[in-house]
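Each chain is listed here by its residues.
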Amino acid sequence: MDASPLLWVVPISGVIAVAVAAYFAWDVLRSDTGTEAMQEVAGAIYEAAVAFIRRQYRTIFLLALGGVVVIAAVIYLFETAPGVSKEELAIRTAIAFFVGAVCSMASGIVGMFVAVKSNLRTAAAAQHSIADALRISLRGGAVSGILVVALSLIGVFAIFIAYGGFANPAQAPFTIVGFGFGASFVALFAQLGGGIYTKAADLAADLVGKVEAGIPEDDPRNAAVIADLVGDNVGDCAGRGADLFESTAAENIGAMILGVAIYAVTQNVAWIVFPLVVRGFGLIASVIGIFLVRGNERQSPMTTLNIGYYITVALSIAGMFLVTNSMLNEKGGGMWFFYAGVVGILTSLAFVFITQYYTAGTWRPVKEIAEAAKTGPATTIISGVAVGFETTASSAIAIAIALFLSHWFGDQWGAQTGLPHGGIYGTAVATMGMLMSAAFILAEDTFGPITDNAGGVATMARASEETRRRTDRLDAVGNTTKALTKGYAVGSAALAAFLLFSAYLDKVTDLRKAAGITPADFHVVDLAKVDVFLGGFLGAMLVYLFSSLAIRAVGKAGSAIIEEVRTQFREHPGIMAGTERPDYGRVVDITTASALRNMIAPGLLAVLAPVVVGVLLKAEAEAALLMVGTMAGVILATVLNNGGGAWDNAKKYIESGALKDDQGRVIGKGTPAHAAAVVGDTVGDPFKDTAGPSLHVLIKLLSTITLVLAPLFI
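Rules behind the numbers
Residues numbered from 1 in each chain as written. Predicted model: local features only at pLDDT ≥ 70, side-chain atom pairs only at ≥ 80, totals over all residues. Heavy atoms only, no water. Helix = DSSP H or I, 4+ residues; strand = E, 2+ residues; numbered from the N terminus. Rg over C-alpha atoms; globule rule 2.2 N^0.38 Å. Contact = heavy atoms within 4.5 Å. Areas by Shrake-Rupley, 256 points an atom, 1.4 Å probe, with all protein chains shown as cover. Core = buried A, V, L, I, M, F, W, Y, C linked by side-chain atoms within 4.5 Å. Buried < 20%, exposed > 50% of the residue type's maximum accessible area, 1.4 Å probe, protein only. pLDDT = per-residue confidence, 0-100. Axes fitted to C-alpha atoms, helices over the stretch in contact; angles between N-to-C directions. Parallel < 35°, antiparallel > 145°, perpendicular 65-115°, else oblique. Left-handed = near helix turned anticlockwise from the far one by under 90°. Nonpolar A, V, L, I, M, F, W, Y, C, P; charged D, E, K, R; others polar. Salt bridge = Lys/Arg side-chain N within 4 Å of Asp/Glu carboxyl O. Phe/Tyr/Trp six-rings, centres within 6.5 Å; stacked < 30°, edge-to-face > 60°. Polar contact = N/O pair within 3.5 Å; in protein donor to acceptor, adjacent residues only side chain to side chain. Patch = residues over 30% accessible without salt bridge, like charges linked within 9 Å, V, L, I, M, F, W, Y side chains within 5 Å.

Undergrad: Would you explain the overall build of the protein chain in this entry?
TA: Helices and strands together make up the secondary structure of the protein chain, namely 19 helices and zero strands. The C-alpha radius of gyration computed for the protein chain amounts to 25 Å, which stays within 12% of the reference 27 Å derived for 714 residues, consistent with globular compactness. Taking the principal axes of its C-alpha atoms as reference, the protein chain extends roughly 75 × 50 × 45 Å. Within the protein chain, counting contacts between residues at least 6 apart in sequence, those at least 24 apart form 84% of the total. Surface accessibility of the protein chain: about 23,200 Å² in total, with carbon and sulfur atoms responsible for 65%.

Structure, rendered in structure tokens:
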């Protein structure tokens, strides 16, 4: 632990974060639980969410156990490492995979548990004050955000030490790659299962409720409404929690692997542990930013949240300055890496602004889709698809600028110091900079489903109009923060993909040296070779086929729920009259079974396809699959996330009364334009909440699976 005094920031920040998360959980759980009717609705949501998570993670746990056995066998049979026996290497990698999987599951479960407890208390607080409701909902989300990042940081640090990180720094980062793979493996299935569940229920609730029956959103007469509210938690809380856990873990490990090359020259372990230290500072900055969020009745909740985020960004820049100039100041060149880190931090801001522009109702794209709804569903769909495709330009340019500048700053460090590998390490520093605010961003993401659920609880419990008005204000902000998180996640995935790709090239180089293959160096991928071209071609195909299976799964599950809700309306006319209670439990059961059944095919495709390509076409083709698949995945995820978000907010734009005809009359709920916007939102739902977020995980899974199973491809 004498590499740098700053290394103590890692365990200290982890302990502080866990303590703050515990305080926030205590603060939320001691809050008023509202009326008896509110408690009844929230209780039904809680029971159904817990039942789904229990069944989902039982399935995922069994799949993970199978993964442990396969990974141990592959490492034992095909990989060697200096100073470590084959048995020890296999056991260490398998244990790292299992620990990563368990921590990822824990992240999702904790986040969802606090969220389903926070929705009731947010609705109760909204009876009195929007400031209290904002505090409870954000702190409920912060429990998930802070714990996810803290668990990731502590987990990687602990396993690094346990595997002799300070005794053998050059070998340990490669050994702990299994931790990132385990986290990615669980996150993929958690995001898929939760995403299928939430959007199938939402699709049915909207089409049968709003369009066919003409009843409001979250109306208690709609049998799908409880399943819809449950879906917000199992998709946006549990799924996204597991998603960002694996993001932070995999990207930390990838950056540590890149630090090994500079460590080999300088013998300074700071190059390997730097990612952990800078993430510790980011965690502390996020905690301070969350603490400083204060709402009031006059100020927009979005403005309040933005102020907290800007404070987090400013503190992150200060932390980056301190860490780079203390740990990476080889021959006085630390400022170059500080500039690279600032590029990453500002890139996160850029993605926040890009996502807001394309998904918030105050800007041109959403208004354009709302105007298109005046002429029917077809033009609504066309306009939304066009907006989704348009978003790729600004997103890709932002990523390109970030990678170019961070690599250039790293090259300047190399020119000043005469040391190698500065350019690629600059991109790693930028990625760490972008992830410094991950805890705050994830808190905002979980804030979204909490406020959405609070609105549902208030509506179903027949709360006052003033209470509903307050929850609607928070819900509108929550829709924007959920969209921001997706933009942030895909941006960080794109930056991380380059460093993880470089880590794969380093890993294959080491394996080729151990096997005595000449030449051993493996840092050029030649697409002119037919097998390499095929690897890249299949990588792009994988992204689209995976998305197809995810979207189709929502359609299948949604169709079954639609038929069930229609049947209940038809056979029990008392439901519409308000004299008979719908069978919520049956819809929840149908949704649960369908989501779990349909998550298996796309999940296994994502895991097995890169293995098959690597085994058949070997390491260079696998590199092409990783590289091209990542590019295609980032672009398609941007289309799905922002296009779906724009459709969603175009519907809300109309529902708010902002759309008017040529005579200035409001075109609102119940109009043909509103029905067209609901259709657009329904199409966009599996885009933005199932396939899009799952692609974030797929991108990182491709990287971690190729790193862990690289011995198979030599």
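Undergrad: I'm lost on the nonpolar core in this one. Help?
TA: Soluble globular proteins tend to bury their nonpolar side chains together. Of all hydrophobic cores here, the largest spans 248 residues; its most connected members are Ile-146, Phe-179, Ile-226, Tyr-425, Tyr-504 and Leu-709. Per element, the largest residue contribution to this core is 26 residues, and it comes from helix H18 (residues 584-655). Sequence-distant contacts of Leu-709, that is, excluding residues within four places in its chain, are made with Ile-71, Val-74 and Val-611.

Undergrad: What is the right way to read the confidence of the model for the protein chain from this model?
TA: Keep in mind that low pLDDT regions are not for reading the predicted coordinates in detail. Looking at the protein chain, pLDDT values average 88 and 99% of them are 70 or higher. The spread of mean pLDDT over the elements of the protein chain runs between helix H5 (residues 172-175), the lowest at 80, and helix H12 (residues 377-417), the highest at 95.

Undergrad: Explain the packing of helix H9 (residues 301-327) against helix H14 (residues 438-460) here, please?
TA: Packed helices, taken two at a time, are described by the angle their axes make and the gap between the axes. Two numbers describe how H9 lies on H14: the axes approach to 10 Å, and their chain directions differ by 160°. Classified by the angle between their axes, H9 and H14 sit roughly antiparallel to one another. Here H9 and H14 pass one another in a crossing that is right-handed. Within the contact between the two elements, H9 uses Met-302, Leu-305, Gly-308, Tyr-309 and Thr-312 and H14 uses Phe-440, Ile-441, Glu-444 and Phe-447. The residue makeup of the contact of H9 with H14, split by class, is six nonpolar, two polar and one charged.

Undergrad: How should the pattern of salt bridges be read in this particular structure?
TA: Should their charged atoms come close, side chains of opposite charge can pair. Taken as a whole and assessed by the stated rule, the structure comprises 26 salt bridges. Lys-199 is the partner of Asp-685 in a salt bridge, and the nearest nitrogen-oxygen pair spans 3.7 Å. Residue Asp-685 is found in helix H19 (residues 672-708), and its partner Lys-199 is found in helix H6 (residues 177-213); the two are separated by 486 residues along the sequence. Taking relative accessible area as the criterion, Asp-685 reaches 1% and is therefore assigned buried. We classify Lys-199 as buried; its relative accessible area is 4%. Between Arg-586 and Glu-564 there is a salt bridge, and its shortest N-O distance comes to 3.0 Å. One end of the pair, Arg-586, is in helix H18; the other, Glu-564, is in helix H16 (residues 530-571), with 22 residues separating them in the sequence. Through salt bridges with shared partners, one network takes in Lys-199, Asp-202, Lys-486, Asp-648, Lys-651, Lys-652, Asp-681, Asp-685, Lys-688 and Asp-689.

Undergrad: Would you explain unusual backbone geometry in this entry?
TA: With omega at -10°, the peptide bond leading from Thr-518 into Pro-519 counts as cis. Note that Pro-519 resides in the loop between helix H15 (465-515) and H16. One non-glycine residue, His-421, adopts positive backbone phi at about 70°. Take His-421: its relative accessible area is 41%, and that puts it in the partly exposed class. Its identity is not glycine, yet Arg-462 carries a phi of approximately 60°, on the positive side.

Undergrad: What exactly am I supposed to notice about the packing of aromatic side chains here?
TA: Aromatic rings in a pair are described by how distant their centres are and how their planes are angled relative to each other. Tallied over the full model, the rule gives 32 aromatic pairs. Each ring, one from Tyr-339 and one from Phe-409, has its centre 5.5 Å from the other, and the planes form 55°; the classification is tilted. Within this pair, whereas Tyr-339 is found in helix H10 (residues 334-359), its partner Phe-409 is found in helix H12, the two being separated by 70 residues in sequence. Under the relative-accessibility criterion, Tyr-339 is labelled partly exposed at 33%.

Undergrad: Would you take a moment to explain the side chain of Asn-598 for this structure?
TA: The residue Asn-598 is located in helix H18 in this model. The class of Asn-598 is buried, set by a relative accessible area of 14%. In terms of polar contacts, Asn-598 uses its side chain to reach the backbone carbonyl oxygen of Ser-594, at 2.8 Å.

Undergrad: What is the right way to look at a nonpolar patch on the surface in this model?
TA: Together, Phe-61, Leu-62, Leu-65, Ile-91, Ile-95, Phe-98, Val-99 and Val-102 make up an exposed nonpolar region whose accessible area comes to about 620 Å². Looking at the nonpolar patch, the elements that each hand over two or more residues are helix H2 (36-78) and helix H3 (86-125). The element best represented in the nonpolar patch is H3, accounting for five residues. With respect to the secondary-structure elements, Val-99 resides in helix H3.

Undergrad: Explain the environment of Ser-129 to me, please; I cannot follow it from the model alone.
TA: Mapped onto the elements of the fold, Ser-129 is located in the loop between H3 and helix H4 (130-162). The residues contacting Ser-129, other than those within four sequence positions of it, are Glu-297 and Arg-470. Within the structure, the side chain of Ser-129 is placed 3.2 Å from the backbone nitrogen of Asp-132, a separation counted as a polar contact.

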